[in-house]
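Here is how the chains run, residue by residue.
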Amino acid sequence: MAKKARNGPYICGIDAALDVVSGKWKGLILWELDTYGVRRFAELRRGLPGVSEKMLTQHLREMEQDGLVHREVYAEVPPRVEYSLTEHGRSLNAALGPLGQWGMDRIAREEPELVEHRDAAVLPRP
């Protein structure tokens, strides 16, 4: 059964925005594509420790349906599929910038345990 499209009714703009980025991995997919540009599925999966293939596929499909992610399929053997942010996805990432800064401030204040990432320069230890 196809999942119902996310299109309201909404109470406010925050409700509409959170509807599009809801899900544990969507924010991280946005960050990964914004930071590294065009990524293949396996590259995204390696960049998101703990994500299952099923969840990554599901979130990418939803994000493509919402116009945030562009999926490019190349007719090669084996097939090559690349993902990138659309202009709509880049604008969402820009809107999430202040929220990300709030999160970095919280990390500095609370000093929670951080996940080791392959690019430690991207997520500095406070």
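Preceding this section is the structure that the text describes.
Now for a look at the structure at hand. (Residues numbered from 1 in each chain as written. Predicted model: local features only at pLDDT ≥ 70, side-chain atom pairs only at ≥ 80, totals over all residues. Heavy atoms only, no water.)

What about the sheet that holds strand β3 (residues 80-85)?
Part 1 of the reasoning: Reading across the sheet, the three strands line up as β1-β3-β2 and stay open at both edges, with antiparallel pairing between neighbours. The open sheet has two edge strands with one neighbour each: β1 (39-40) and β2 (69-74).
Part 2 of the reasoning: Bridge count for β2 against β3 is six bridges, and the pairing is antiparallel. The partner of H70 across the bridge, within β3, is S84. (Pairing = 2+ DSSP bridges. Helix = DSSP H or I, 4+ residues; strand = E, 2+ residues; numbered from the N terminus.)

Things to note about the nonpolar core
Part 1 of the reasoning: One finds I29, L33, L56, L60, V69 and Y83 to be the most contacted residues of the largest nonpolar core, which totals 18 residues.
Part 2 of the reasoning: Sequence-distant contacts of Y83, defined by excluding residues within four places in its chain, comprise L33, G37, V38, R39, F41, L44, L60, V69, H70 and R71. (Core = buried A, V, L, I, M, F, W, Y, C linked by side-chain atoms within 4.5 Å. Buried < 20%, exposed > 50% of the residue type's maximum accessible area, 1.4 Å probe, protein only. Contact = heavy atoms within 4.5 Å.)

Some remarks on the packing of helix α2 (residues 26-36) against helix α4 (residues 53-65)
Helices that pack against each other are described as a pair by the angle of their axes relative to one another and the distance between those axes.
Part 1 of the reasoning: Running from N to C, α2 and α4 point in directions that differ by 75 degrees, and their axes come no closer than 10 Å. Accordingly, the angle class assigned to the pair α2 and α4 is roughly perpendicular. Each of K26, I29 and L30 in α2 lies in contact with α4, whose residues at this interface are L56, H59, L60, E62 and M63.
Part 2 of the reasoning: Along the lines of polarity and charge, the residues of the contact of α2 with α4 split into five nonpolar, one polar and two charged. (Axes fitted to C-alpha atoms, helices over the stretch in contact; angles between N-to-C directions. Parallel < 35°, antiparallel > 145°, perpendicular 65-115°, else oblique. Nonpolar A, V, L, I, M, F, W, Y, C, P; charged D, E, K, R; others polar.)

Some words on the packing of aromatic side chains
Part 1 of the reasoning: Tallied over the entire structure, the rule returns one aromatic pair.
Part 2 of the reasoning: Summarising the aromatic geometry, the rings of W31 and Y36 are spaced 6.3 Å apart at their centres and angled 90 degrees between planes, so their arrangement reads as edge-to-face.
Part 3 of the reasoning: The class for W31 is partly exposed, based on a relative accessible area of 28%.
Part 4 of the reasoning: Residue Y36 is classed as partly exposed on the basis of its relative accessible area of 26%.
Part 5 of the reasoning: Looking at R80, its charged tip hangs above the ring of Y74, at a distance of 3.8 Å from the centre. (Phe/Tyr/Trp six-rings, centres within 6.5 Å; stacked < 30°, edge-to-face > 60°. Lys NZ or Arg CZ within 6 Å of the ring centre and 35° of its normal.)

Some thoughts on the side chain of N93
Part 1 of the reasoning: Mapping N93 onto the fold places it in helix α5 (residues 87-110).
Part 2 of the reasoning: What makes N93 buried here is its relative accessible area of 14%.

Here's the deal with the packing of α2 against α5
Part 1 of the reasoning: Two elements in contact, α2 and α5, have axes separated by 10 Å at closest approach and are oriented at 105 degrees. Between α2 and α5, the angle is such that the two are roughly perpendicular. The residues of α5 that touch α2, namely those facing L30, W31 and D34, are G89, L92, N93 and L96.
Part 2 of the reasoning: Residues of the contact of α2 with α5, tallied by class, amount to four nonpolar, two polar and one charged.

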